[in-house]
Amino acid sequence: MDLEDRVRALEDRGEIERLKYEYARRLDDDEFDSVVELFTEDATYALEGWGTHEGHAEIAAFIETTLADAFEYTAHVMHHPTIDVDVDTASAEWYLEIHYALADGTAGWRQGRYFDEYEKVDGEWLFSSMSHTIFARQRSEYEVVEDERYGEIIEYGAPR
């Protein structure tokens, strides 16, 4: 692999990392209608316990209804990726932590792994397949704590 190929591989890896972080940001910021834009038209989206969804229409419907309705808030943390790039395709495994609250007054966290496949379409990296598995979780009741020692409490989704 010559220097130009090595630089391109590093740039591709950086673009793939940004794609994954953008996916998390859009979910956490309730931008559900735009998440599907990060996937190829024929992508597969399989989340443990939530089923498998294929193609833009199914993925968008699932995200905009099921995921959007299930959570009061989420905070996705993806880290320690192993990314393998092969010209216009790539694969990755990511560690996953999700902190969340549900409308029923419970909150929790989950840990697991994402397994992704990517394709470069018109010069842009997109997910062609995404799945995750959960290997640890915890859930309990929660409450928002308002205490002057912590400063102003900012409601989730509110302008900062």
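Residues numbered from 1 in each chain as written. Predicted model: local features only at pLDDT ≥ 70, side-chain atom pairs only at ≥ 80, totals over all residues. Heavy atoms only, no water.

Asker: Report on the overall build of the chain, specifying residues and quantitative values.
Answerer: Assigned secondary structure in the chain consists of three helices and six strands. Each helix and strand of the chain, placed in order from N terminus to C terminus, yields the pattern α-α-β-β-α-β-β-β-β. Residues classed as buried in the chain amount to 37% of the 160 residues present. Residue pairs in contact within the chain that sit at least 24 positions apart in sequence constitute 52% of those at least 6 positions apart. With an accessible surface of roughly 9,700 Å², the chain has 47% of that area assigned to carbon and sulfur atoms. (Helix = DSSP H or I, 4+ residues; strand = E, 2+ residues; numbered from the N terminus. Buried < 20%, exposed > 50% of the residue type's maximum accessible area, 1.4 Å probe, protein only. Contact = heavy atoms within 4.5 Å. Areas by Shrake-Rupley, 256 points an atom, 1.4 Å probe, with all protein chains shown as cover.)

Asker: Before we move on, can you summarise the sheet that holds strand β3 (residues 71–86) with the specific residues and values?
Answerer: Consider a sheet: its strands pair through backbone hydrogen bonds, and that pairing is either parallel or antiparallel. On the basis of which strands lie adjacent, the open sheet formed by six strands has the order β2-β1-β6-β5-β4-β3 and mixed pairing. Of all the strands in the sheet, just β2 (51–54) and β3 have a single pairing partner and so form its edges. Across this sheet, the average inter-strand angle for adjacent strands is 15°, counted without regard to direction. In this sheet, strand β6 (residues 124–141) lies alongside strand β5 (residues 106–121) in antiparallel orientation, the contact comprising 16 bridges. Within the sheet, the bridge partner assigned to K120 lies in β6 and is W125. Helix-sheet contacts for helix α1 (residues 3–28) involve β1 (39–47), β3, β4 (89–102), β5 and β6, and the interaxial angle to β3 is about 165°. Set on the sheet, helix α3 (residues 55–70) makes contact with β1, β2, β3 and β4; between it and β1 the angle comes to about 45°. (Pairing = 2+ DSSP bridges. Axes fitted to C-alpha atoms, helices over the stretch in contact; angles between N-to-C directions.)

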